[in-house]
Amino acid sequence: MRLLMQGKARTRWRWWWWWWWWGWMAAVAVAGVRGGGSGNNGEQIFATTPSHQTAVLGATAVLPCRVLNRRGLVQWTRDGFGLGTHRKLAGFERYSMIGSDEEGDFSLRISPVHLEDDAEYQCQVSSATELPLRSQVARLTVFAPPDRPKVTQPPVATAGAALTLTCSSSGGRPAPEIQWLDGSGGVIHKGVNHTQKPMEDGKRMYAHATLTFTPTRHHHGRTLTCLTHNPALNTPLDAKVRLNVEYPPEVQLEFSPEELSEGVEASVTCRVEANPSELTYRWFRGGSEVTGAQGPTLPLGLLSRSDNAVPVACEVTNSVGTSRKTQSLNVRYAPLFVTAPSSQSSEPGKVVTLKCRVDANPPPEIIWTRSHHSKVVGRGPELMVSATAASAGLYICSARSPGFAPLEGRVHLRLRGPPLIKAQAVVAVPEGEPAVLRCGVVAVPHPVAVTWTREGASVNSENGHSVKEEQRADGVVSTLTINKTTTKDFASYNCSVINEYGVDTREILLQRQPVVPLMVVVGGGAGVVLVVVVVILFILCGRKRQARGPKDKAAEAGAVVVEKKSTSSSTSSVAAVGGGGGGLGGLGGLSGVSAREENSVGSNMGTAMKMMPTSLLAHDSQSTGQDQGYISYVDYTRDYSPVPVSVGESYQQFQVGGPFARSTPASDPPSSLPSSVAPPPYSPSPHGNADINGGPNGRVHASANGKVVNGNGINGTLKHALLQDLKQELKRDLSQDLDSTVLHSKYIIPPQSKIKPGTLV
């Protein structure tokens, strides 16, 4: 009301001031006309007059006033009260008229400005001869800055209960404007109420603004700001308040692991926001409280599919209240049949429902396919099928749940009708052995009865017979077993079956199986083994022929092989000496070379020559007990017939006509070998064919003097010449190396005359 009265007074003052201004301007205009027309000196007038101003408490205010052609006195009035005509206004220390008389400047200066300076001011000029001059009334408004605002609030707020905050500010002129800001700096309009009233001095104002709202848990810890605005302030003043809101627990459930699965051990944790934070816990599972569970975590144990959709609740209490959070378990588990899929049977033309009930989480997608192709014939847990010959058969339902392997079930759609028998027409077994006759029946519905007859007579489980039935989904298998067959059991048997749609029968003939003799079986097996052995031996012989070396080939040709070994390089060379017939049979005297001499040759030359068969030195071996290292390559079965001869026997036994002489011609000269060294005996040559040279054994040899000697003279000239030459070679200086090439050229005798001398065979 007071503000309304002040507003009306100001309005009236403005109207009065406008009327005074226009009156003053009219008076000045009239004075000017008069002065101009009379030609006298000019009248005193205002060059500058004061206007409305504002000033801040404690600042300096200047009200201008300048007079031209002044002839009277100048003074200022405040609210109609004259302040004096002297520039230093007595009694008003803060007031003075500044300027100079020469310039006619009589401006009023107020410093510092106080609240009582808020008034209306007028500049006046007196005159003895003329009307006095009065300026327009100028209003000086003094602004006073308010004090810093203060906020009053309860120490604690409760969520859900109304809360009132008050922001107060005093000492402002004019009254300060108060605003409430939220935590983000936005101005709050809802719930704000403003109040103003003057202070005791009647000039300054007291203002306050209240904010009323209902806090929630989200207001806890937030900061609200009270802001005051005033013309005397360069920047607003503010006051902040931090809210302390107590609220009941806010509960959330958190599972570990996040995704629950069958067979996994899990737990649940109660996440709570509350003020105050002193809390108590209670757990519930499946509607019942879990005894002993008082902490923030509840173990759930090993999960199973039965735990799916079971509610779990956490109840938390503090001093403000109690909160409870309930959540059902979401347990993932693989598809499983609720009931096993079952086959269906129907008469043709009727509609049949095939069912595939599957339980899984996530819920499964069920599709139906036929066994003979992958085309989808239906979806969902049930499939409606019209029973026909084309639709009958196997159906597959497949249940697929994300994250798990598909589950498949097989069901058959069978058409009802008369039975059908499938059986072997003829069964053959040996007499005395068991016989098994099977009768497979396909029948929907199942047969009423299956009977066996033999030549019109019923066969039952007696007298060594037994009948068993194996039930199947689409029929039955009836088995008739005869433990030991006799002659009378070999006959014709009938299997008959009947169901509600018809009858079928099938004849099975039991025959006697002929017995194969044991010797035939054994002989056949032995023949097969023999053929296999012969084939293996043939293969091995072929491989052995391919792997034969030079020694084997020479020995096969009937030649004596001379081998030279070097101790330094471990190399060997092989030469063949022709055998057969008389061959070198007369060289028995060579055994006269002692083992000592041979060792001497080996030590001086580093070479061991093995030229002769070991039988040629049999008497040396017997006397010394050592093998001289000779390796025989002579065919003993062809060339020699060994006879044991002692060392002391006379050489006369080997002369012409002796018992061991190979031939008896009188022309053969006696041997020149000493009698102490007897050659091994020889047997007559088994070869009686003569070659083109007339030799009885097919061999012709040249003697040392160039004469041709046939095989019958092997103990003659050739024999002596060869032995003498060999002894001379061995008795030479052993320091000289024996040239194997020379020896080969002398002593290698081809087994046939058509082979050139010196050729290795």
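What you are looking at is a predicted structure, and each value in this text was computed from that prediction instead of being measured.

K.L.:
Let's hear about the overall build of the protein chain: which residues, and what values?
P.N.:
Secondary structure assignment for the protein chain yields 8 helices and 51 strands. When burial is assessed residue by residue, the protein chain has 37% of its 761 residues classed as buried.

K.L.:
Got a sec to walk through the sheet that holds strand β25 (residues 288–289)? Specific residues and values, please.
P.N.:
As a general point, the strands of a sheet are linked pairwise by backbone hydrogen bonds and lie either parallel or antiparallel. An order of β25-β24-β27-β28 is seen for the 4 strands of this open sheet, with the pairing classed as antiparallel. Unpaired on one side and paired on the other, β25 and β28 (322–328) mark the two borders of the sheet. Sheet analysis places strand β24 (residues 280–285) next to β25, joined by 2 bridges and oriented antiparallel. From the neighbouring strand, F284 faces β25, where its bridge partner is E289.

K.L.:
Outline the nonpolar core, listing residues and values.
P.N.:
Grouped together as the largest cluster of nonpolar side chains are 26 residues, with contacts concentrated most on W76, Y95, L108 and Y121. At 4 residues, strand β9 (residues 119–125) tops the list of elements feeding residues into this core. Once you skip the residues sitting within four places of it in the chain, Y121 turns out to touch L63, W76, T77, R78, Y95, L108, I110, Q136, V137, A138 and L140. Counting residues in hydrophobic clusters, the runner-up holds 20 residues, among them C439, A443, Y493 and C495.

K.L.:
So what's going on with unusual backbone geometry? Which residues, and what values?
P.N.:
A cis amide bond links S111 to the next residue, P112, at an omega of -10°. Although it is not a glycine, D79 sits at a positive phi angle of roughly 55°. Within the secondary structure, D79 sits in the loop between β5 (74–78) and β6 (81–82). Here D79 falls in the exposed class, since its relative accessible area comes to 53%.

K.L.:
Summarise the packing of aromatic side chains; cite the residues concerned and give the values.
P.N.:
This model, assessed by the stated rule, comprises 2 aromatic pairs. Ring centres of F92 and Y95 lie 5.6 Å apart, and the angle between their planes is 40°; this geometry places the pair in the tilted category. Per residue, the accessibility class of F92 equals that of Y95, and both read buried. Centroid distance Y95 to Y121: 6.4 Å. Interplanar angle 45°. Geometry classified as tilted. Of this pair, Y95 sits in strand β7 (residues 95–98) while Y121 is found in strand β9, placing the two residues 26 residues apart along the sequence. We classify Y95 as buried; its relative accessible area is 4%. Since its relative accessible area comes to 0%, Y121 is described here as buried. Among the aromatic residues, those joined into a cluster by ring pairs are F92, Y95 and Y121. Across from the ring centre of F284, 4.0 Å away, lies the NZ or CZ of R324, which sits over that ring.

K.L.:
Explain the state of the cysteines to me, and be specific about the residues and the numbers.
P.N.:
In total, this model carries 5 disulfides according to the counting rule given. Between the sulfur atoms of C65 and its disulfide mate C123 the distance is 1.9 Å. Note on the C65 and C123 pair: the S-S dihedral is about -70°, so by sign convention the disulfide is left-handed. Here C65 is found in the loop between β3 (61–63) and β4 (66–68), whereas its partner C123 is found in strand β9, with 58 residues between them in sequence. Accessibility assignment for this pair places C65 and C123 in one class, buried. Across the disulfide from C270 sits C314; the S-S distance is 2.2 Å. Residues C270 and C314 are joined through a disulfide that is left-handed, its torsion about the S-S bond being -105°. On the criterion of sequence distance, the pair formed by C270 in strand β23 (residues 265–275) and C314 in strand β27 (residues 311–317) is long-range, its members being 44 residues apart. Both residues of the pair, C270 and C314, count as buried.

The rules we used
Here the residue index of a chain counts from 1 through its sequence in written order. At least 70 in pLDDT is required for a residue's local features to be given in this predicted model, at least 80 for side-chain atom pairs to be given and counted, and no such filter applies to totals for whole chains, interfaces and linings, which use all residues. Just so you know, side-chain values use all the structure's heavy atoms and leave hydrogens and water out. Put simply, DSSP H or I for four residues or longer makes a helix, DSSP E for two residues or longer makes a strand, and each gets a number counted from the N terminus. Summary of the burial criterion: residues with accessible area below 20% of their type's maximum are buried, those above 50% are exposed, and those between are partly exposed, where the area comes from a 1.4 Å probe applied to protein chains only. Two strands make a pair as long as DSSP finds a minimum of two bridges between them. What we call a nonpolar core is a set of buried Ala, Val, Leu, Ile, Met, Phe, Trp, Tyr and Cys residues that are connected through their side-chain atoms within 4.5 Å. Two residues form a contact once any of their heavy atoms are found within 4.5 Å. We call Phe, Tyr and Trp rings a pair once their centres come within 6.5 Å, taking the six-membered ring for Trp, and we label the pair stacked below 30 degrees between planes, edge-to-face above 60, and tilted otherwise. Both a distance and an angle decide whether a charge sits over a ring: NZ of Lys or CZ of Arg must be within 6 Å of the ring centre and within 35 degrees of the ring normal. Count a disulfide wherever a pair of cysteine sulfur atoms falls within 2.5 Å.

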